[in-house]
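# Structure at a glance
If you want the building blocks of each chain, they are given just below.
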Amino acid sequence: MAPKSNKLKETKPTAVAKQARKSAKKVVRPKRSTKKTVGRSNVFSDPRTVRSLGFVLLITGIYLFLAISTYILNWFASDASDIIVSSTDQFKDHTKTVSNWTGWLGTFLAKHLVYSGIGLGAFFVSIFFVLMGLRLLLKIKLFSLWRWTELLIISFIWIPVTLSLIFTQHPENILGGLTGHQLNIWLIAYLGKAGLILLIIFIPVIFSLIDFNFQFRRKEKKTDNSVNTSDKTKSSTSPKEELYNTVEFALNDEDKDIISKPDDGTGNNFKIEEDPAIQLEPKVSASEVVEPDDEVELTIEVPKPNEQNTENPVPGEHFGIDTEFDPTLDLADYKLPPFDLLEDYDVNNVLVTKEELEVNKNRIVETLNQYSIAISKIKATIGPTVTLYEVVPAPGIRIAKIKNLEDDIALSLSAIGIRIIAPIPGKGTVGIEVPNQNPNIVSMKSIITSEKFRNNKFDLPFGIGKTISNESFVVDLAKMPHLLMAGATGQGKSVGLNAIIASLLYKKHPAELKFILVDPKKVELNLYSRIERHYLAKLPDSEEAIITDTRKVVRTLNSLSIEMDNRYELLKDAQVRNIKEYNAKFIARKLNPMHGHRYLPYLVLVIDEFADLIMTAGKEIEAPVTRLAQLARAIGIHLIIATQRPSVNIITGTIKANFPARIAFRVITKIDSRTILDASGADQLVGRGDMLFSTGSDVIRLQCAFIDTPEVEKLTSFIGAQRAYPDAMHLPEFKDEEAEQKSEYNPQERDELFEDAALIIVQTQQGSTSLLQRKLKLGYNRAGRIIDQLEAAGIVGAFEGSKAREVKVASEMALEQFLKDLNSNDTGFEDND
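Criteria and cut-off values
Residues numbered from 1 in each chain as written. Predicted model: local features only at pLDDT ≥ 70, side-chain atom pairs only at ≥ 80, totals over all residues. Heavy atoms only, no water. pLDDT = per-residue confidence, 0-100. Contact = heavy atoms within 4.5 Å. Helix = DSSP H or I, 4+ residues; strand = E, 2+ residues; numbered from the N terminus. Axes fitted to C-alpha atoms, helices over the stretch in contact; angles between N-to-C directions. Parallel < 35°, antiparallel > 145°, perpendicular 65-115°, else oblique. Nonpolar A, V, L, I, M, F, W, Y, C, P; charged D, E, K, R; others polar. Patch = residues over 30% accessible without salt bridge, like charges linked within 9 Å, V, L, I, M, F, W, Y side chains within 5 Å. Areas by Shrake-Rupley, 256 points an atom, 1.4 Å probe, with all protein chains shown as cover. Salt bridge = Lys/Arg side-chain N within 4 Å of Asp/Glu carboxyl O. Buried < 20%, exposed > 50% of the residue type's maximum accessible area, 1.4 Å probe, protein only. Pairing = 2+ DSSP bridges. Core = buried A, V, L, I, M, F, W, Y, C linked by side-chain atoms within 4.5 Å. Left-handed = near helix turned anticlockwise from the far one by under 90°. Phe/Tyr/Trp six-rings, centres within 6.5 Å; stacked < 30°, edge-to-face > 60°. Lys NZ or Arg CZ within 6 Å of the ring centre and 35° of its normal.

## Points about the confidence of the model for the protein
- Across the protein, pLDDT averages 76, with 73% of residues at or above 70.
- In the predicted structure, residues 79-98 sits below a pLDDT of 50 and forms 26 contacts with residues beyond four places in sequence or in another chain.
- Note on residues 315-322: pLDDT is under 50 here. Beyond four places in sequence and across chains, it has 17 contacts.

## A look at the side chain of T716
- Secondary-structure assignment places T716 in helix α27 (residues 709-720).
- Non-local contacts of T716, meaning those with residues more than four positions away in its chain, are made with L527, Y528, R530 and I531.

## With respect to the packing of helix α6 (residues 103-118) against helix α9 (residues 177-211)
- Put simply, α6 and α9 touch, their axes get as near as 2 Å, and they point 10° apart. Accordingly, the angle class assigned to the pair α6 and α9 is roughly parallel. Contact with α6, carried on its side by V114, Y115, S116, G117 and I118, involves G177, L178, T179 and G180 of α9 and no other residues of that element.
- Classifying every residue of the contact of α6 with α9 by side-chain character gives four nonpolar, five polar and no charged.

## Things to note about a nonpolar patch on the surface
- A surface patch of nonpolar side chains, about 640 Å² in accessible area, is lined by F55, I59, I62, F65, L66 and W101.
- Examined against the element boundaries, I59 turns out to sit in helix α3 (residues 47-77).
- According to the relative accessible area criterion, I59 is partly exposed, its value standing at 43%.

## A closer look at the pairing of strand β9 (residues 430-435)
- Of all six residues in β9, six are buried; the element is thus mostly enclosed.
- Burial of β9 is two-sided: the residues V430, I432 and V434 facing one way and the residues G431, E433 and P435 facing the other way are all buried.
- Of the strand pairs in this sheet, strand β8 (residues 419-421) and β9 are connected by three bridges, and their pairing is antiparallel. Bridging across to β9, I421 finds its partner in G431.

## Notes on the nonpolar core
- Formed by 112 residues in total, the largest nonpolar core has its most connected members in I464, L483, F515 and I621.
- Every residue in contact with F515, bar those within four places of it in the chain, is listed here: I501, L504, L505, Y535, L536, A537, V604 and V606.
- Judged by nonpolar contacts, the second largest core, of 25 residues, contains L753, L772, I787 and A814.

## A word on the sheet that holds strand β15 (residues 602-607)
- In space, the nine strands of this open sheet follow the order β11-β10-β19-β18-β17-β12-β16-β15-β13, with mixed pairing throughout. The open sheet has two edge strands with one neighbour each: β11 (472-476) and β13 (513-518). Mean inter-strand twist for the sheet, computed between neighbouring axes without regard to direction, equals 30°.
- Bridging between strand β17 (residues 661-664) and strand β18 (residues 690-694) involves three bridges; their strand directions are antiparallel. Bridging across to β18, I663 finds its partner in F693.
- Contacts from helix α21 (residues 550-574) reach β13, β15 and β16 (637-643), with the element oriented near 155° to β15.

## Looking at the packing of helix α19 (residues 493-507) against α27
- Relative orientation of the contacting elements α19 and α27 amounts to 30°, with a least axis distance of 12 Å. Taken together, the axis directions place α19 and α27 in an arrangement best described as roughly parallel. Between α19 and α27 lies a crossing of left-handed hand. On α27, the residues that touch N498, A502, L505 and Y506 of α19 are V712, L715 and I719.

## As for the environment of L460
- Among the secondary structure elements, L460 is positioned in the loop between α18 (451-454) and β10 (461-466).
- On the basis of relative accessible area, L460 is assigned to the buried category, the value being 0%.
- Along the chain, L460 and V604 lie 144 residues apart, while their C-alpha atoms are 9.8 Å from each other.
- Here L460 is in contact with V475, D476, L477, A478, L504, K508, L513, Y602, V604 and H638, once residues within four sequence places are set aside.

## Some thoughts on the packing of aromatic side chains
- Under the criterion given, the structure shown has ten aromatic pairs.
- Summarising the aromatic geometry, the rings of F65 and F123 are spaced 5.4 Å apart at their centres and angled 55° between planes, so their arrangement reads as tilted. Here F65, found in helix α3, pairs with F123, found in helix α7 (residues 123-138); they are 58 residues apart in sequence, far enough to count as distant.
- Both rings, one in W186 and one in Y190, keep their centres 5.1 Å apart while their planes meet at 50°; by these two values the pair is tilted. Taken together, the residues span about one helical turn, with W186 and Y190 both in helix α9 at a distance of four residues.
- Between K507 and the ring centre of F453, over which it is positioned, the NZ or CZ distance is 5.3 Å.

Here it is, written out as structure tokens:
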């Protein structure tokens, strides 16, 4: 026995492994049963099966109704003793004694439902089958769950008990049935006859009170109070405006035909054309129980009209500085631009028809049904460009399964720009965004005149567009604190920049805000040169405030870095943490200007085409931009960078880490969308200002406000015509050490292989003497002299021991521009000689 036990001990690991394999196999088996269950559910999701089942239930209900009716009639027409079936041959005697339209089976069922059951309450059973059949056959929603509960209690308890109490003698006692007779005996024993009568009265009374919400007189008082307290409101509110108070309504067959936008001067709000056949259903409150219907019912959320104030802003109203020092006194007579400089763009009154909504809804439901995805509710929210269909999936449906059908839904709707949000943050729904057939233009005027823009308390507020729910989207640049924009050519980046700049011009005084505008394309931001002495900042030796030259961009960014360091020194001396606290202290005259303190305006750096700068200057641009993005938030310097090439070599990880707020217009590929947003979706936009706004936590779809070039011209002309500062704000001077190094070396001593060596260094990105020896077949001494010349010219960095020298030129294109500038300087050097 001992050897046997030893052998078992030696083979124990193998036994455990076999047991693990068996348990692993057992885990797989439930999947087969799951597939079978899914297959059976697919059978009942077939409309033909559902209609067939509904027809069977309808016929069964009619058959039971006839059986019960004829049974009761024959009961009173003949002697009861003839109808009571003998125990020996009940089925045979029943057939002989009772002449029934439904034969033996109907008589058998009716006897157990009426005589041995609940009397006249048995009619509820037949009615239940009829109603369920109509529900499945004709898709008719009849009663709520509470109504069915009421009918069940009335039919199975109240009717048998009441009729058995009233009709106690033969043959009328069949009206309450055997159930009513037994319940009467039991209830009288416990409650007495008086208590039973009170119970019979209590049940219908309590149901009536519940159905009327316990509020008979309260409703009248509430109505009276509402009339007394809202007389003024009603006097100024038209019936059409009162219709907007009903946010949600359901579309029935008799509902309105057209949902359109009103001609109210904004062009962005929705109205409902009056139709005598319109029937509005109020939004269901949270306390009411809504029974899901087999046929998905479309609910439309009509956006509320934005409240707008078209009165022009008053300087005193906006600036609100009622202290000892007022930074706006230098331009005390400055006036903010009036609203009539902007256009309304309401010439095209876009119609959103009921047919368009219903067709989209039916196609969405049909597509989901094809993949066995059942939904219980769908709601449509109409926006200026897209309509959001919020889908409530049936229990047990995986959200990822709906998300994977994005392309299939786009195919069924024959539309681009389909985007699925699964799930919508903060809601238990899945969002499907479908572009409207006739999109609407969101005017910049509707954003500027909105109460949300005018009455905010933000430091640097700007309005960029409208959401799907037709609300003005206003955010604070100071809290972002930097903004990154990207999108393909012609998708709305420049318009978006103009919208942001225009918003700030409508909100801030020239003493409170300065722009540094960088425009490598030289034509996009040129219109703002008219407000140079009001709102712009530049280098002291620069003639133009709009920066277009790459070398000047590098100097400006480094100058901003110096300004940042200077401001931090001021904050340190003032013992404050940010620019808001510092300015508040300075306005209260707690800081002495004789010690270098001054009022600090916000500085906003706007770069229109960042990719071009990276291609030509490379690290010379990236390094100061990264430093500003990391440190400049607290001292009021904010960056807005736009590019049409959102590739990883342009928008690097370091830049993205410091730009949590990002705007993505339409891009070409999903890779570009993930580069700018870290998520897909920007490739599914429809263009023309359709964009996604991300703050890191969630993504919001917006329609960018449109501001045309003539509007920008009017705006800048109005500002430029007013009294201004003597000059634009001057940034600190920046000494270019590389330029000084370039001037130290003699171009006449430059090696004839200098440019070839520079090309090799830039192509390989390695500043190595041994590399030049191998590639150009040179000796060590000559290769070393070329490396020294490249260092003096600023192409490579200083000697770092065993490490290769840093290459300061990023690409061949940048090297070509660099050599052109260097040769032009060489020509000037020779002329001076």
